[in-house]
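Here are the chains, one letter per residue:
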Amino acid sequence: MTTNQHTTPLPTTHRWPEGAIVYQIYPRSIQDSNGDGIGDLPGVISRLDYLQELGVNAIWLSPFYPSPMADFGYDIADYCDVDPMFGTLDDCKRLIHEAEARHIKVMIDLVPNHSSNEHPWFKESRQSRDNPKANWYVWKDPHPDSTPGHPLPPNNWIDVFTGKSAWEWVPERKQFYLHSFHVAQPDLNWSNSEVRAAVKDVMRFWLDMGVDGFRVDAVYWIAKDPFFRNDPVNPAFDPKEDERYKMLTHVNSCGWPAAYAYLSELAHVLHEPAFAQKERFMVTEAYPKDGDAVAAYLAFYEGIDPQVAAPFNFQGLMLRWEAEPWRRFLRVFHHALESLNPLCVPSYAFGNHDKSRMVSRLGEKAARAAALMQLTLPGMVFVYYGEEIGMRDVPIPVDLVQDPEALGDPQGQGRDPERTPMQWTPGHQAGFSTSTETWLPIGPDYKTLNVEAEKDDPRSFYTLYRTLMALRNERESLRYGFVQVLELGHPDLVGYVRSYKDEYHVVLINFSDQPVTCVPGVKLHKFVVSSNPDANLTDGANGTVELLPYEAVLFTQ
Ligand code: GLC
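Okay, the overall build of the protein chain next. A count of helices and strands for the protein chain gives 14 helices and 18 strands. For 557 residues, the compact-globule estimate of 2.2 N^0.38 gives 24 Å, and the protein chain sits close to it at 24 Å. Each principal axis of the C-alpha distribution contributes one length, and for the protein chain these read about 80 × 55 × 50 Å. The burial tally for the protein chain puts 60% of its 557 residues in the buried class. A separation of at least 24 residues holds for 70% of the contacts in the protein chain among residues at least 6 apart in sequence. Accessible surface for the protein chain amounts to roughly 21900 Å². Of this, 52% is attributable to carbon and sulfur atoms.

Attention now moves to the nonpolar core. Judged by nonpolar contacts, the single largest core of 158 residues is most densely connected at Y23 and F214. L493, C518, L537 and V553 belong to the second largest nonpolar core, which has 14 residues in total.

It is worth spelling out the packing of helix α7 (residues 293-303) against helix α9 (residues 323-340) at this point. Where α7 meets α9, the axes come as close as 11 Å, and the angle between the chain directions of the two elements is 20°. Classed by the angle they form, the pair α7 and α9 counts as roughly parallel. Read as a crossing pair, α7 and α9 show a hand that is right-handed. Of α9, the residues touching α7 (which contributes V294, Y297, L298, Y301 and E302) are F329, V332, F333, A336, L337 and L340. Its residues assigned to classes, the contact of α7 with α9 shows 10 nonpolar, no polar and 1 charged.

Further remarks concern helix α11 (residues 364-374). With 9 of its 11 residues buried, α11 lies for the most part within the structure. Taken together, the buried positions of α11 are occupied by A366, A367, R368, A369, A370, A371, L372, M373 and Q374.

This brings us to the domain arrangement of the protein chain. Domain parsing of the protein chain yields domain 1 (21-113 + 193-467) and domain 2 (482-556). Computed over C-alpha atoms, the centres of domain 1 and domain 2 are 30 Å apart. In this complex, domain 1 contributes 22 residues to the contact, which on the side of domain 2 involves 25 residues. For the pair domain 1 and domain 2, the summed buried surface comes to about 2000 Å²; carbon and sulfur atoms form 68% of the total. Looking at the side of domain 1 facing domain 2, the largest losses of area belong to R327, L372 and T376, adding up to 25% of the total buried there. One can count 2 salt bridges joining domain 1 with domain 2. For R459, the salt bridge is made with D534, and the minimal N-O distance between the two is 2.9 Å. Every element with two or more residues in the side of domain 1 that touches domain 2 is listed here: α9, α11 and α13 (461-474). Sort the elements by how many residues they give to the side of domain 1 that touches domain 2 and α9 lands first, with 8 residues.

Bringing α13 into the picture now. For α13, with 14 residues, the first-to-last C-alpha span of 20 Å sits near the 20 Å given by 1.5 Å per residue. Here α13 has its buried residues at F461, Y462, L464, Y465, L468, M469, L471 and R472.

Here the focus is the site of the ligand. Taken together, the neighbourhood of the ligand is formed by 14 residues, with D71, H114, D217, H353 and D354 sitting nearest. Within the side chain of E285, a nitrogen or oxygen atom sits 2.9 Å from an oxygen atom of the ligand. Within the side chain of D354, an N or O atom sits 2.4 Å from an oxygen atom of the ligand. About the coverage of the ligand: the protein hides 95% of its 310 Å² of free accessible area. Along the lines of polarity and charge, the residues of the shell around the ligand split into 4 nonpolar, 3 polar and 7 charged.

The parallel open sheet is built from 8 strands, whose spatial order is β9-β8-β7-β3-β2-β1-β11-β10. For this open sheet the edge positions go to β9 (309-311) and β10 (347-349), each flanked by a neighbour on one side alone. On average, adjacent strands in this sheet sit at an angle of 25° to one another, irrespective of strand direction. Of the pairings in the sheet, the one linking strand β2 (residues 58-61) to strand β3 (residues 105-110) comprises 4 bridges and is parallel in character. If you follow L61 over to β3, its bridge partner there is I108.

What follows concerns the sheet that holds strand β4 (residues 139-140). If you walk across this open sheet you meet the 3 strands as β4-β6-β5, and the pairing is antiparallel. Two strands close off the open sheet at either side, each with one partner strand: β4 and β5 (167-170). Pairing of β4 with strand β6 (residues 175-178), which is carried by 2 bridges, proceeds in the antiparallel orientation. When the bridges of β6 are listed, W139 appears paired with Y177.

As a further point, take the packing of aromatic side chains. In the structure shown here, the tally under the stated rule is 41 aromatic pairs. Each ring, one from W190 and one from Y262, has its centre 5.8 Å from the other, and the planes form 45°; the classification is tilted. Of this pair, W190 sits in the loop between β6 and α5 (193-209) while Y262 sits in helix α6 (residues 258-271); the two residues are 72 residues apart in sequence, bridging distant segments of the chain. Here W190 and Y262 have matching classes, each one buried. Members of the aromatic cluster, joined through ring pairs, are Y297, Y301, W321, W326, F329, F333, Y348, F350 and F511. Above the face of the W439 ring, R28 is positioned so that its terminal group lies 4.3 Å from the ring centre.

Conventions used here
- Residues numbered from 1 in each chain as written.
- Predicted model: local features only at pLDDT ≥ 70, side-chain atom pairs only at ≥ 80, totals over all residues.
- Heavy atoms only, no water.
- Helix = DSSP H or I, 4+ residues; strand = E, 2+ residues; numbered from the N terminus.
- Rg over C-alpha atoms; globule rule 2.2 N^0.38 Å.
- Buried < 20%, exposed > 50% of the residue type's maximum accessible area, 1.4 Å probe, protein only.
- Contact = heavy atoms within 4.5 Å.
- Areas by Shrake-Rupley, 256 points an atom, 1.4 Å probe, with all protein chains shown as cover.
- Core = buried A, V, L, I, M, F, W, Y, C linked by side-chain atoms within 4.5 Å.
- Axes fitted to C-alpha atoms, helices over the stretch in contact; angles between N-to-C directions.
- Parallel < 35°, antiparallel > 145°, perpendicular 65-115°, else oblique.
- Left-handed = near helix turned anticlockwise from the far one by under 90°.
- Nonpolar A, V, L, I, M, F, W, Y, C, P; charged D, E, K, R; others polar.
- Domains from an automatic or database assignment.
- Buried area = accessible area lost by both parts, 1.4 Å probe.
- Salt bridge = Lys/Arg side-chain N within 4 Å of Asp/Glu carboxyl O.
- Expected span 1.5 Å × (residues − 1).
- Near = heavy atom within 4 Å.
- Polar contact = N/O pair within 3.5 Å; in protein donor to acceptor, adjacent residues only side chain to side chain.
- Pairing = 2+ DSSP bridges.
- Phe/Tyr/Trp six-rings, centres within 6.5 Å; stacked < 30°, edge-to-face > 60°.
- Lys NZ or Arg CZ within 6 Å of the ring centre and 35° of its normal.

Laid out in structure tokens, this is it:
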């Protein structure tokens, strides 16, 4: 692993990612502007006013590039264009411009591990063993035990989506290529410096266009065992519960330390003089494997310049909604980060296009408490579209399932339930589209659960999110303050103080389904907001707070 030299002088002002509220846009599902039932970039532009009013500081757009859509855009056939389904390059320029006019930064998805099998690089690479792109993908000869006419895969690696062999035979080369995800997503060969140079050029293309940063996809997979050894069998695999991919422990097929060096090369691009006039930032997607999540996150902060890069923090998706693991994590993680380098920016994602929605995972009350918690934690906070109105996973009838991951999922639903169209109004197709059909069905609750219905309702999810976002935008301690975890002496409570200069806030969270009396031991002057609209809190003059089941509250001085 490379270590940071921290040669760059400490910035004297705060960088935009510090405290930023980033709204994740799944372009297929925000707004359809041309009536084809699929969201698009002009649709996103038409909703920028909404996002500005909501209080977001940045958007991250999932892929909108030309793609055969085997994995809904994560299979890219041209890294430097827009799929006609989503609009044109000019629409994209307009989107960046319009966002900037509203003080909204734009991050786009960079997918470095694999391209589409329809990408010209792969089409060339697959033709022979000696063409100019021959070594741009991961090609291997059959296993030595193969018999004539029956080539066996070089090792036991399996793909994430089906849990079956990750190797696909190509007769033209008499070799297999590796696809860690879909068969239509061949892995690029990151040990080849030409590939790395090409991906850096892709970054330059978009930085030139004005994007403020990247969300970097599936980074564990860019570095694999150079000897291509088998992955060991996972003794804990449960075929009834687990997706097939969990059959093996993926210690060789991904997660090798060269990833930090490769990603450092990408981070350097953000520092190039041509781009450094604006602050650019990248956030890397790597779910910590079982074991020590804090160590896994720190390895990224240590390995890649924290002035321009941070790993996603996925605890909001991975931890049980229980006080003890959260208390421990917050204490250890923020302390470690602070001692490592003051430039490190945490980046909390509590939802995304790959995971069940917050309300479906946690229940309504806990999801509201989680929203209060997320929006009062330090660093970047990633809010997945629809979470701000409390959207739920939508069950998808079997014949309408789209997601390739459904193939390896025992429930057969894959990730479609969390990708359904945004619910704007109680009208036709929830205001998402004028078409008779949408790419995924609209949630059955859209008549009552939609932006229009929630906007003026003081009890709604929308009002809670908007209130919390406004506070985060106004209060320096919520944006920049350190987090100090309190000793509350109760197993179901977590509390922390965010302080900056002479301003501070106190957050108290009850993780249990019972009311709890909390004596925080710090001054609670003004009651600001509760996650529970039934709360009847007053300023905490006597130092005791009665918390309702699954309630989170915010006080300030
Ligand atoms: C990431 C994306 C996911 C995609 C996969 C392959 O995990 O978030 O949606 O399927 O990478 O690109």
